[in-house]
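# Per-entry structural report
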Amino acid sequence: MLLTLKKTESAAQLDSLRDLARELGYELRFLDAGNRVAELTRADDRPTAPSDRSRFEDLALVASVLDASDAPELTDRAAQVERTVVRVREAVFGAGHVSLIAGPCAVEELDDLLEVARAVQRSGATLLRGGAYKPRTSPHSFQGLGTEGLRMLAEVREATGLGLVTEVLDPRDVERVAETADMLQIGARSMANAALLQEAGASGKPVLLKRGLAATVREFLLAAEYVLASGNRDVVLCERGVRGFDTVTRNLLDVGAIAHLSAATHLPVIADPSHAAGRSDLVPALAKAGLMAGADGLIVEVHPRPENVHSDGAQALSPAAFDALAGAVARLVELEDKVLVTPRPQVPPVFEVEETAP
Ligand code: PEP
Ligand code: MN
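Let me begin by describing the structure that accompanies this report.

Procedures and definitions
Residues numbered from 1 in each chain as written. Chains lettered and ligands numbered in written order. Predicted model: local features only at pLDDT ≥ 70, side-chain atom pairs only at ≥ 80, totals over all residues. Heavy atoms only, no water. Donors = N, O, S within 2.8 Å, 3.2 Å for Na, K, Ca; no water. Helix = DSSP H or I, 4+ residues; strand = E, 2+ residues; numbered from the N terminus. Expected span 1.5 Å × (residues − 1). Buried < 20%, exposed > 50% of the residue type's maximum accessible area, 1.4 Å probe, protein only. Contact = heavy atoms within 4.5 Å. Near = heavy atom within 4 Å. Polar contact = N/O pair within 3.5 Å; in protein donor to acceptor, adjacent residues only side chain to side chain. Areas by Shrake-Rupley, 256 points an atom, 1.4 Å probe, with all protein chains shown as cover. 1 Å grid on protein atoms, 1.4 Å probe; cavity = no way out; pocket = protein on both sides within 12 Å on 5 of 7 lines; lining within 4 Å. Sits in = over half its atoms within 2 Å of the grid points. Nonpolar A, V, L, I, M, F, W, Y, C, P; charged D, E, K, R; others polar. Points joined across faces, edges and corners; volume = space filled by probe spheres on them. Phe/Tyr/Trp six-rings, centres within 6.5 Å; stacked < 30°, edge-to-face > 60°.

### Quick look at the coordination of the manganese ion (ligand 2)
Around the manganese ion (ligand 2), the donor atoms from the protein are Cys105 (SG), His275 (NE2), Glu301 (OE) and Asp312 (OD), and they sit 2.0 to 2.4 Å away. Within one chain, the residues serving as donors to the manganese ion (ligand 2) are arranged as C-x169-H-x25-E-x10-D. You can see cysteine 105 sitting in the loop between strand S7 (97–103) and helix H3 (110–123) and its partner histidine 275 sitting in helix H9 (residues 273–277), a full 170 residues away along the chain.

### Here's the deal with helix H7 (residues 217–229)
The terminal C-alpha atoms of H7 lie 18 Å apart, and with 13 residues this matches the ideal 18 Å at 1.5 Å per residue to within 8%. Within H7 the residues assigned to the buried category are Val217, Phe220, Leu221, Ala223, Ala224, Glu225, Val227 and Leu228. At its buried positions, H7 is contacted by helix H2 (50–57), helix H6 (194–203), strand S11 (207–210), strand S12 (235–239) and helix H8 (255–264). At the C-terminal side of H7, glycine 231 shows a positive phi close to 95°.

### What to know about the site of ligand 1
With respect to spatial proximity, the complete set of residues near ligand 1 consists of Cys105, Arg129, Lys134, Pro135, Gln185, Gly187, Ala188, Arg189, Lys210, Arg240, His275 and Glu301. Here an oxygen atom of ligand 1 and a side-chain polar atom of arginine 189 are 2.8 Å apart. Residue histidine 275 places a side-chain N or O atom 3.1 Å away from an oxygen atom belonging to ligand 1. If ligand 1 stood free it would expose 300 Å²; the protein chains cover 97% of that surface. Of all the cavities here, the one that holds ligand 1 is the largest pocket. Looking at the shell around ligand 1 residue by residue, the classes come out as three nonpolar, three polar and six charged.

### A word on unusual backbone geometry
Of note in this structure, arginine 89 is not a glycine but carries a positive phi near 50°. In this structure, arginine 89 sits in the loop between strand S5 (86–88) and strand S6 (91–93). Backbone geometry places aspartate 337, a non-glycine residue, at a positive phi of 60°. Along the chain, aspartate 337 turns up in the loop between helix H11 (319–335) and strand S15 (339–340). You can call aspartate 337 exposed: its relative accessible area is 72%.

### A few points about empty space enclosed by the protein
Enumeration according to the criterion identifies two cavities of 30 Å³ or more in this entry. Reported here for the largest cavity is a volume of approximately 60 Å³. In terms of residue class, the lining of the largest cavity is built from six nonpolar, three polar and three charged. In this structure, the second largest cavity is lined by Pro104, Ala106, Val107, Glu108, Glu109, Asp112, Leu113 and His303. Here the lining of the second largest cavity is built from residues that sort into four nonpolar, one polar and three charged.

### Points about the packing of aromatic side chains
For any two aromatic rings, the description comes down to two numbers: the centre-to-centre distance and the angle of the planes. Tallied over the full model, the rule gives one aromatic pair. For the ring pair tyrosine 26 and phenylalanine 56, a centre distance of 5.6 Å and an interplane angle of 85° mean the geometry is edge-to-face. Separated by 30 residues along the polypeptide, tyrosine 26 in strand S2 (residues 26–30) and phenylalanine 56 in helix H2 bring together distant segments of the chain. Classification of phenylalanine 56 by relative accessible area gives buried; the value is 0%.

Now the structure itself:
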């Protein structure tokens, strides 16, 4: 591990670094005359834990960890050679598998939900999205239908076979939401809620983790680290745009972060062009940009009558526009030598033929 140190006159701070290195079994060596760059090497064969890195980072003297390659965190590519593949019912994310999640922003009307579900499934989506609990910026806005929304989602899964991705906002609701959801969504506004991340991790359900509104890539990965550290390896990262200074788009889709994350972590990464654009006309362009940056899938908001919905109508694609996008995705995925995982054809019910005695 390589550390950069702050300029200090305090011998006590240097002593605390030396003491910690000794306690954790590292040899400490300064690489420059001014004692500003320190190299830590293991004095024994014990594997280095990510907690070692945090202990050093917490010292007042340490400015940054320059290279942590010998103390990888659980999300690091260095911690796991093979890529994590996350399977949620028919959907597969990672290691060359691309899957589409689509549906309304929020669960509102059962008929609409069923209509959207059937349409996006025909177009190639394997998972249905829809929030029963909505993390609205204003407490006065529609907050979702709660348990009634979960019931509708379950009904639509029953009718279509689509897996369900739905958001959980409160650690106290994780168990209840996990009874219905096939994948738990942790939204941008909740990314840093450690209790929620741990509870979602402990549920054993795959987790779709969205990047916070103004979270750095490292903060995003450390949020994922909470889920992995609670024993749940099924995490899909979602870049949904970060806050920018311009109002032309709702957020800035950080395609650089998608490309970086695809290389720096073994976890699958997907793009959410809907919350990045905030405008349906720009969604297809951002979706394609996300895929070309290396995304292992997309989550897209779709609604046949966006003028009637309580949340995010302006960014919803029509079913026809989603169908066109899914066609473009299939071509791009092929170009990238990846596989677009599509729903199995719906099997008509089999009727048993009664055998008649000879
Ligand atoms: C959503 O998926 O509808 C949502 C609220 O997303 P985000 O948390 O990214 O804002
Ligand atoms: Mn939304």
